[in-house]
Amino acid sequence: MKRWQKLGLGLLMMACFGAVTPQAARAGMFTQTEVDQSKYVVMAVPVARGGYRLLVVEQIKDTRPCWSESGNGPVVVDPLLVTFDFTGICGRATDSNGYSIRVAQQDLGLQYGLRIEQGDGELLLVGSSHRGGPGMVIGRTYGMVEGQFLKFILNPSWRLTRRTYEGRVLGHVYFTNDSWDAATGATPTPTPVSSEGAPASNEANRTSEANTTSVAPIAIPVPGPQS
């Protein structure tokens, strides 16, 4: 990975983790809103000590491109947002405060987590149950290039949506499927959400929130933003 990418990624991750203020809310109170899929990219970001973390980037304004893509099978992503002050231009989700799984109108943030697995010559984005439920293959890279940011192509029944609360569209991103059968090949009865509810971010200002995996942020020196 290029040195500027490592430095920029450090800035990106630290900004994201510093902006989260958890609040309790019932998962059943959330709904979803459709979004323009072309405004988002889902990618696997290589980690210095090995493995990958999940990053979702949104193009909020067209002032400057937040990323570029090259190749096919896999698609390599150039995260352009780490080269400039992307406030108000690019949105990003970097952990479970910023994204979760939603199937058949049910928020599964308490029951499922997202993780990246190495498949046969590719990376898989999977939903893993914390309670013994069936697994979900949400997307794949269709190839491997070591040390590069790789785009996940979502499987046909999956798409991104945005969390909505009492009519207000929030910054939280859902990996959404309309049916359990399509998502897992099974039709389980999900475990009811507890009355305490799921943790949620303070999402009133989408440009200040941050949000992708349970892995701790990388401690990398951070350069000043470039104009």
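Scroll up for the structure.
Residues numbered from 1 in each chain as written. Predicted model: local features only at pLDDT ≥ 70, side-chain atom pairs only at ≥ 80, totals over all residues. Heavy atoms only, no water.

Trainee: Even after reading the chapter, I still don't get the sheet that holds strand S13 (residues 149-151), so can you show me in this structure?
Mentor: Paired through backbone hydrogen bonds, the strands of a sheet run either parallel or antiparallel to each other. If you walk across this open sheet you meet the 6 strands as S5-S6-S13-S3-S4-S7, and the pairing is antiparallel. What marks the edges here is a single partner per strand, and that holds for strand S5 (68-70) and strand S7 (90-93). Taking the axes of each pair of neighbouring strands and ignoring which way they run, one obtains an average angle of 35 degrees across the sheet. One ladder, built from 3 bridges, connects S5 with strand S6 (residues 76-78); its direction is antiparallel. The partner of Ser70 across the bridge, within S6, is Val76. (Pairing = 2+ DSSP bridges. Helix = DSSP H or I, 4+ residues; strand = E, 2+ residues; numbered from the N terminus. Axes fitted to C-alpha atoms, helices over the stretch in contact; angles between N-to-C directions.)

Trainee: It is not clear to me how the pattern of salt bridges should be interpreted in this structure. Could you clarify?
Mentor: Should their charged atoms come close, side chains of opposite charge can pair. Summed over all chains, the structure comprises 8 salt bridges. Two residues, Glu69 and Lys151, come together in a salt bridge whose shortest N-O distance is 3.2 Å. Within this pair, whereas Glu69 is found in strand S5, its partner Lys151 is found in strand S13, the two being separated by 82 residues in sequence. Between Arg163 and Asp107 there is a salt bridge, and its shortest N-O distance comes to 2.9 Å. With Arg163 in strand S15 (residues 159-165) and Asp107 in strand S9 (residues 106-107), the pair connects residues that are 56 residues apart, well separated along the chain. The same class applies to Arg163 and to Asp107, which are both buried. (Salt bridge = Lys/Arg side-chain N within 4 Å of Asp/Glu carboxyl O. Buried < 20%, exposed > 50% of the residue type's maximum accessible area, 1.4 Å probe, protein only.)

Trainee: Mind showing me how you'd approach the sheet that holds strand S16 (residues 168-177) here?
Mentor: Within the open sheet, the 5 strands sit side by side as S2-S15-S16-S8-S9. Their pairing is mixed. Strands at the two margins of the open sheet, each flanked by one partner only, are strand S2 (30-34) and S9. As paired elements, S2 and S15 share 5 bridges and run antiparallel to each other. Bridge pairing in S15 places Gln32 opposite Arg163.

Trainee: Explain the packing of aromatic side chains to me, please; I cannot follow it from the model alone.
Mentor: Aromatic rings considered in pairs are described by the distance between their centres and by the relative angle of their planes. One pass over the structure, following the stated rule, counts 3 aromatic pairs. An angle of 65 degrees between the planes, with centres 5.7 Å apart, marks the rings of Phe30 and Tyr165 as edge-to-face. With a gap of 135 residues between them, Phe30 in strand S2 and Tyr165 in strand S15 connect regions that are remote in the sequence. Residue Phe30 is classed as buried on the basis of its relative accessible area of 5%. Both rings, one in Tyr99 and one in Phe175, keep their centres 6.1 Å apart while their planes meet at 85 degrees; by these two values the pair is edge-to-face. Pair noted here: Tyr99 is in strand S8 (residues 99-103) and Phe175 is in strand S16, with a separation of 76 residues, a long-range link. A cation over an aromatic ring shows up here: Arg102 above the ring of Tyr174, its NZ or CZ 5.2 Å from the ring centre. Directly above the aromatic system of Phe30 lies the positively charged group of Arg163, at a separation of 3.9 Å from the ring centroid. (Phe/Tyr/Trp six-rings, centres within 6.5 Å; stacked < 30°, edge-to-face > 60°. Lys NZ or Arg CZ within 6 Å of the ring centre and 35° of its normal.)

Trainee: Looking at this model, I keep getting lost on the environment of Val76. Mind explaining?
Mentor: Among the structural elements, Val76 can be located in strand S6. What makes Val76 buried here is its relative accessible area of 17%. The spacing of Val76 and Phe152 is 76 residues in sequence and 9.8 Å in space, taken between C-alpha atoms. Non-local contacts of Val76, meaning those with residues more than four positions away in its chain, are made with Ser68, Glu69, Ser70, Val145, Gln148, Phe149 and Leu150. (Contact = heavy atoms within 4.5 Å.)

Trainee: What exactly am I supposed to notice about the side chain of Arg162 here?
Mentor: Considering the arrangement of structural elements, one finds Arg162 in strand S15. The buried category is assigned to Arg162, whose relative accessible area is 5%. A distance of 2.7 Å separates the side chain of Arg162 from the backbone oxygen of Leu170, its partner in a polar contact. (Polar contact = N/O pair within 3.5 Å; in protein donor to acceptor, adjacent residues only side chain to side chain.)

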